[in-house]
Amino acid sequence: MSGPEPNTQVLRELKSLRDRVPQLIGTLVASTDGLLIAHDLPAHIEPAGMAALTAAQLSLSHRLAATANGGGFHEVVVHGEGGDVVIYAVGWTASLTVLAGPGANIGRLHLESRPAARIISDQLTPSDNTD
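Right, let's walk through the structure included here. Just so we're clear, the structure is a prediction, and the values are computed from it rather than from any experiment. (Residues numbered from 1 in each chain as written. Predicted model: local features only at pLDDT ≥ 70, side-chain atom pairs only at ≥ 80, totals over all residues. Heavy atoms only, no water.)

1. Some words on the environment of T97
And then number 1: For T97, the location among the structural elements is in strand β5 (residues 94–100).
And then number 2: T97 sits 43 residues away from T54 along the chain, and the two C-alpha atoms are 7.1 Å apart.
And then number 3: Here the side chain of T97 touches T54 through a polar contact of 3.0 Å, side chain to side chain. (Helix = DSSP H or I, 4+ residues; strand = E, 2+ residues; numbered from the N terminus. Polar contact = N/O pair within 3.5 Å; in protein donor to acceptor, adjacent residues only side chain to side chain.)

2. Quick look at the side chain of S31
And then number 1: For S31, the position within the fold is in strand β1 (residues 24–31).
And then number 2: By relative accessible area, which is 12% here, S31 ends up buried.
And then number 3: The residues contacting S31, other than those within four sequence positions of it, are I37, A55, T93 and A94. (Buried < 20%, exposed > 50% of the residue type's maximum accessible area, 1.4 Å probe, protein only. Contact = heavy atoms within 4.5 Å.)

3. Some details on the pattern of salt bridges
And then number 1: Enumeration according to the criterion identifies 6 salt bridges in this entry.
And then number 2: Here D40 makes a salt bridge to R18, at a shortest N to O gap of 2.9 Å. With D40 in strand β2 (residues 36–40) and R18 in helix α1 (residues 8–20), this pair connects stretches of sequence that are 22 residues apart.
And then number 3: A residue is classified by how much of its surface remains accessible, and D40, at 11% relative accessible area, is buried.
And then number 4: For R20, the salt bridge goes to E112, with nearest N and O atoms at 2.7 Å. One end of the pair, R20, is in helix α1; the other, E112, is in helix α3 (residues 106–124), with 92 residues separating them in the sequence.
And then number 5: A cluster of three or more residues bridged by salt bridges with shared partners is formed by E13, R20, R108 and E112. (Salt bridge = Lys/Arg side-chain N within 4 Å of Asp/Glu carboxyl O.)

4. Details of the pairing of β5
And then number 1: Burial runs high along β5: 7 of the 7 residues are buried.
And then number 2: In terms of strand pairing, β1 meets β5 through 7 bridges, oriented antiparallel. Within β5, the residue paired with A30 across the bridge is S95.
And then number 3: Here strand β4 (residues 83–90) runs beside β5; their pairing, made up of 7 bridges, is antiparallel. The residue of β5 that forms the bridge with V86 is V98. (Pairing = 2+ DSSP bridges.)

5. Some points on the packing of α1 against α3
Axis angle and axis distance: for two packed helices, these are the angle between their axes and the distance between the axes, and together they describe the pair.
And then number 1: In the contact formed by α1 and α3, the axes pass within 10 Å of each other and the chain directions differ by 170°. By the criterion of interaxial angle, the relationship of α1 to α3 is roughly antiparallel. The segment α1 lies against α3, with Q9, V10, E13, L14, L17 and R20 engaging R108, E112, S113, A116, I119, I120, Q123 and L124.
And then number 2: Among the residues making up the contact of α1 with α3, the classes are represented as 7 nonpolar, 3 polar and 4 charged. (Axes fitted to C-alpha atoms, helices over the stretch in contact; angles between N-to-C directions. Parallel < 35°, antiparallel > 145°, perpendicular 65-115°, else oblique. Nonpolar A, V, L, I, M, F, W, Y, C, P; charged D, E, K, R; others polar.)

What follows is the structure in structure tokens.
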């Protein structure tokens, strides 16, 4: 028995994001409880494990933002020797994780990823249309 089918609209947005941002290594969308929704990751990164790590960081970031400023969480950037990891809130129920190589333009990454997170949030939010 295989896992659930990836959300094709979300996957399309992830691939489009990778096409638009130079030095983007991969992308992933996970629920806040660490369940994988969709990914466009390189083969050497295990998607379910990355989704779990993202959920842990997201939880800590939400708590840190609320404790420090009393406000909500929007994004966190982790700068590493081998590149950057940026996690964006996707509504209240998910996150977008973006992996960039060393020397990536983080400003450009934000300009492309923030709207992508909003689009993905819209795609994951059930429609109230009852037509």
